[in-house]
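# Tertiary structure, described
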Amino acid sequence: MFDILGPVTVGPSSSHTAGAVRIGLVCRTLLGGEVRRALITFYGSFADTYKGHGTDKAVVGGLLGFDTDNEKIKESLRIAEFRGMVYGIRTAEDIRYHPNTVVIEAAAGDRKVKVKGESTGGGSIRIAGINDFQVDAVCLLDTMVIMHRDTPGILAEMTRVFASNGYNIGNLRLSRAKRDGNAVTVVETDVPVDADTGAQIREIKGVSDVVSIPRF
Amino acid sequence: MDINSIDHILDEAAKNSQPIWQVVLSEEQKDSGMTADEIRGRVEEAYRVMKTAAVSGISSDMKSISGLTGGDAARYYNHIRNRKNVLGAASAKAMAYALATGGYNAAMGVIVAAPTAGAAGILPGVLIAAQEEYGLAERDIINALITASGIGAVIASRASISGASGGCQAECGSAAAMAAAALCEAMGCTPRQCVNAAALALKNSLGLVCDPVAGLVEVPCIKRNGIYAVLAMAAADMAMAGIESFIPPDEVIDAMFQIGMNMPPCLKETAEGGLAVTPTGLAAKRRIN
Ligand code: SF4
């Protein structure tokens with residue numbers, strides 16, 4: 001219902017503004033801290049119209065932790081400077097990409113992440129890439145992103161933890177970028193995963209990082 | 001919430017002799033796990049945001065981020081205050097509030113996408129005006145918004161609510177259909193009248209293309225919000241008189257989807273056709289870049 005009657009958001013465009021805020025927010029969540037540096041690359045229609053739609057302010061606002069309905073998004077570029085966040089904005093073309101795509105390379109402390117996000121309309125988004133791994137997360141359910149080594153049995157171990165803690169997995173996808181042994185698994189659950197279960201996943205041998213992204 | 005036909009809504013309403021809002025509210029409760037009160041609370045909050053946006057959009061003479069637009073809502077509101085309006089009071093106010101919301105949206109104000117930000121003025125324009133003019137209770141307006149979201153959900157599921165995939169008929173057309181049904185609901189019409197109002201509004205938006213100047217949600221979007229708020233009221237008025245859409249609502253939605261599929265990409269938000277490529281449209285684009 002609230003995807004039709006909503007989101008409550010700053011204008012002017014649900015796809016070019018609200019969706020862009022959400023992609024910035026996901027990036028911030030993945031970093032888990034105050035974003036210090038960000039390189040933002042707009043593609044397609046984002047590249048053509050980001051100034052007039054305030055898509056730059058929207059992404060930066062999301063990186064600063066502002067939700068779609070936060071009036072401060074309008075001033076986010078100035079607030080970023082004030083908070084000492086260094087950002088760069090550029091445009092590029094890739095005809096294989098969804099027309100509203102942004103790639104954000106950001107850092108917080110010693111953590112770095114590269115997120116490829118698509119704004120699919122009406123404020124909905126799809127995270128299509130994390131650190132060059134192809135993923136597919138629309139963030140309508142509670143989503144957990146697990147970075148790990150691609151070793152035999154590790155997936156079974158993860159699903160065992162979810163099951164033994166009583167979570168029903170709605171969707172799970174493991175992706176490998178190249179055969180270098182690293183992988184990302186994105187798990188969607190019907191209810192948020194508690195911190196304890198998250199910690200158990202993190203303890204699995206071969207898991208390097210676990211981040212929970214709350215649903216919108 | 002996944003309701004995929006208007007017929008389903010009508011059947012449920014008839015089965016339990018319920019109004020549409022009740023059917024939609026039950027569906028949403030099942031789907032989201034929220035209580036009826038929680039859902040109502042969120043809708044009330046949305047309505048508050050709508051009112052703030054409509055009022056702020058009129059009272060301030062803010063410019064859009066691009067500088068292309070601004071001030072029309074204030075201009076029209078003065079026209080009403082001077083009693084120069086040709087439209088009846090309710091539809092004139094609906095147009096003023098819809099213009100105001102559209103302008104506020106273009107200036108990065110906070111709005112409720114309904115169903116999208118580009119078409120965010122139509123539903124609040126109609127409901128705020130109707131509440132003021134006819135003294136409707138807050139509760140009736142909240143119910144009307146719930147009904148509107150049900151109509152929007154069916155359109156999103158059978159067709160589309162995005163200009164990029166269906167043209168403006170999917171945005172302003174859908175918003176007008178939602179607003180027409182909502183107004184009927186608020187005025188105490190039958191479920192059948194509500195859905196016929198939606199069908200009449202959508203039918204008369206078919207073929208509407210998305211051709212925004214410079215790719216921005218400003219021209220023609222802001223004024224289109226104003227005009228389509230009036231269209232929604234006209235559709236609701238017909239339905240209240242007992243006039244029905246010859247083509248049933250679900251079939252009108254399917255027609256909208258099919259027309260959207262056949263619409264060339266240059267008329268679906270790419271700003272490569274229509275008003276966007278007129279000499280004036282192109283000149284405006286050059287000016288802001
Ligand atoms: S013309 Fe396009 S951008 Fe403007 S309101 Fe209609 S669908 Fe949205």
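Here is what the cut-offs are and how they apply
- Residues numbered from 1 in each chain as written.
- Chains lettered and ligands numbered in written order.
- Predicted model: local features only at pLDDT ≥ 70, side-chain atom pairs only at ≥ 80, totals over all residues.
- Heavy atoms only, no water.
- Helix = DSSP H or I, 4+ residues; strand = E, 2+ residues; numbered from the N terminus.
- Buried < 20%, exposed > 50% of the residue type's maximum accessible area, 1.4 Å probe, protein only.
- Contact = heavy atoms within 4.5 Å.
- Areas by Shrake-Rupley, 256 points an atom, 1.4 Å probe, with all protein chains shown as cover.
- Axes fitted to C-alpha atoms, helices over the stretch in contact; angles between N-to-C directions.
- Parallel < 35°, antiparallel > 145°, perpendicular 65-115°, else oblique.
- Pairing = 2+ DSSP bridges.
- Near = heavy atom within 4 Å.
- 1 Å grid on protein atoms, 1.4 Å probe; cavity = no way out; pocket = protein on both sides within 12 Å on 5 of 7 lines; lining within 4 Å.
- Sits in = over half its atoms within 2 Å of the grid points.
- Nonpolar A, V, L, I, M, F, W, Y, C, P; charged D, E, K, R; others polar.
- Points joined across faces, edges and corners; volume = space filled by probe spheres on them.
- Arc of directions from axis to C-beta.
- Expected span 1.5 Å × (residues − 1).
- Domains from an automatic or database assignment.
- Buried area = accessible area lost by both parts, 1.4 Å probe.
- Salt bridge = Lys/Arg side-chain N within 4 Å of Asp/Glu carboxyl O.
- Polar contact = N/O pair within 3.5 Å; in protein donor to acceptor, adjacent residues only side chain to side chain.

### Considering the overall build of chain B
For chain B, the count of helices and strands is 13 helices and one strand. Counting helices and strands in the order they occur from the N terminus, chain B gives α-α-α-α-α-β-α-α-α-α-α-α-α-α. In terms of overall dimensions, chain B has a C-alpha envelope of 60 × 45 × 35 Å along the principal axes. Here chain B, with 289 residues, has 58% of them falling under the buried criterion. By sequence separation, contacts in chain B at least 24 residues apart represent 75% of the contacts at least 6 residues apart. Accessible surface, chain B as shown: approximately 11,200 Å² in total, 53% of it carbon and sulfur.

### Details of the environment of A:Ala18
Residue and element names in this part refer to chain A. Among the secondary structure elements, alanine 18 is positioned in helix 1 (residues 14-31). Looking at alanine 18, the relative accessible area reads 0%, which means it is buried. Taking the C-alpha atoms as reference points, alanine 18 and glutamine 200, separated by 182 residues in sequence, lie 34 Å from one another. Once you skip the residues sitting within four places of it in the chain, alanine 18 turns out to touch Pro7, Thr9, Ser13, Thr68 and Gly123.

### Considerations on the packing of helix 3 (residues 36-59) of chain B against helix 7 (residues 138-158) of chain B
All names here are of chain B. As a packed pair, helix 3 and helix 7 sit with axes 10 Å apart at the nearest point and diverge in direction by 100°. Considering their axes alone, helix 3 and helix 7 lie roughly perpendicular with respect to each other. Residues Arg40, Val43, Glu44, Tyr47, Met50 and Lys51 of helix 3 form the contact with helix 7, whose own contacting residues are Glu138, Arg139, Ile141, Ile142, Asn143, Leu145 and Ile146.

### Digging into the sheet that holds strand 4 (residues 100-108) of chain A
Residues and elements named next belong to chain A. The mixed open sheet is built from six strands, whose spatial order is 3-2-4-5-6-7. Lying at the two open borders of the sheet, with one neighbouring strand each, are strand 3 (86-92) and strand 7 (133-137). Going from strand to strand, the sheet's axes swing by 20° on average, the running direction of each strand aside. Examined bridge by bridge, strand 2 (residues 37-43) and strand 3 share seven bridges and lie parallel to one another. Among the inter-strand pairings, tyrosine 43 is bridged to a residue of strand 3, identified as alanine 92. Helix 2 (residues 44-53) contacts strand 2, strand 3, strand 4 and strand 5 (111-121) of the sheet and is inclined by roughly 110° relative to strand 2.

### Let's talk about the site of the ligand
Residues and elements named next belong to chain B. Every residue lining the ligand is accounted for by Gly118, Gly163, Cys168, Glu171, Cys172, Cys210, Cys221 and Arg224. Here the ligand occupies the second largest pocket. At the level of secondary structure, the elements contributing two or more residues to the shell around the ligand comprise helix 9 (168-186) and helix 11 (221-240). Taken together, the residues that form the shell around the ligand break down as four nonpolar, two polar and two charged.

### A look at the layout of surface pockets
Put simply, the largest pocket is a space of about 1,500 Å³. Along the walls of the largest pocket sit 45 residues, with A:Phe2, A:Asp3, A:Arg22, A:Leu140 and A:Phe216 positioned nearest its centre. Taken together, the elements giving at least two residues each to the lining of the largest pocket come down to helix 1, strand 5 and strand 6 (124-130) of chain A together with helix 2 (20-32), helix 3 and helix 7 of chain B. A breakdown of the residues in the lining of the largest pocket according to their chemical character gives 22 nonpolar, 13 polar and 10 charged. Its boundaries defined by the atoms lining it, the second largest pocket holds a volume of some 800 Å³. Lining the second largest pocket are 44 residues, with A:Ser45, B:Ala164, B:Lys268, B:Glu269 and B:Thr270 positioned closest to its centre. Top contributing element to the lining of the second largest pocket by residue count: helix 2 of chain A, with five residues. Tallied by class, residues from the lining of the second largest pocket come to 16 nonpolar, 20 polar and eight charged.

### A closer look at helix 6 (residues 195-203) of chain A
Residues and elements named next belong to chain A. Listed in full, the buried residues belonging to helix 6 are Thr197, Gly198 and Ile201. Angular distribution of buried residues about the axis of helix 6 spans 105°; they occupy a single face of the element. Away from the buried face of helix 6 by more than 90 degrees, exposed residues Ala195 and Glu203 are located. Against the buried residues of helix 6 lie strand 8 (142-149), helix 5 (154-164) and strand 11 (207-213).

### Some points on helix 11 of chain B
Between its terminal C-alpha atoms helix 11 of chain B stretches 28 Å, which fits the 28 Å expected from 20 residues at 1.5 Å a residue. Downstream of helix 11 of chain B by one or two residues, B:Gly242 has phi in the positive range, about 95°.

### Some words on the domain arrangement of chain A
All names here are of chain A. If you check the domain split of chain A, you get domain 1 (14-131) and domain 2 (142-213). Put simply, the middle of domain 1 and the middle of domain 2, counted by C-alpha atoms, are 25 Å apart. Taken together, the contacts link six residues of domain 1 with six residues of domain 2. Interface of domain 1 and domain 2: buried area, both sides summed, is about 540 Å²; carbon and sulfur atoms make up 74% of it. Taken as a group, Thr29, Leu30 and Ile130 account for 62% of the area that domain 1 buries against domain 2, more than any other trio of residues on that side. If you look at where domain 1 meets domain 2, you find one salt bridge. Between the two partners, domain 1 and domain 2, sit one residue pair in polar contact (both at pLDDT 80 or more).

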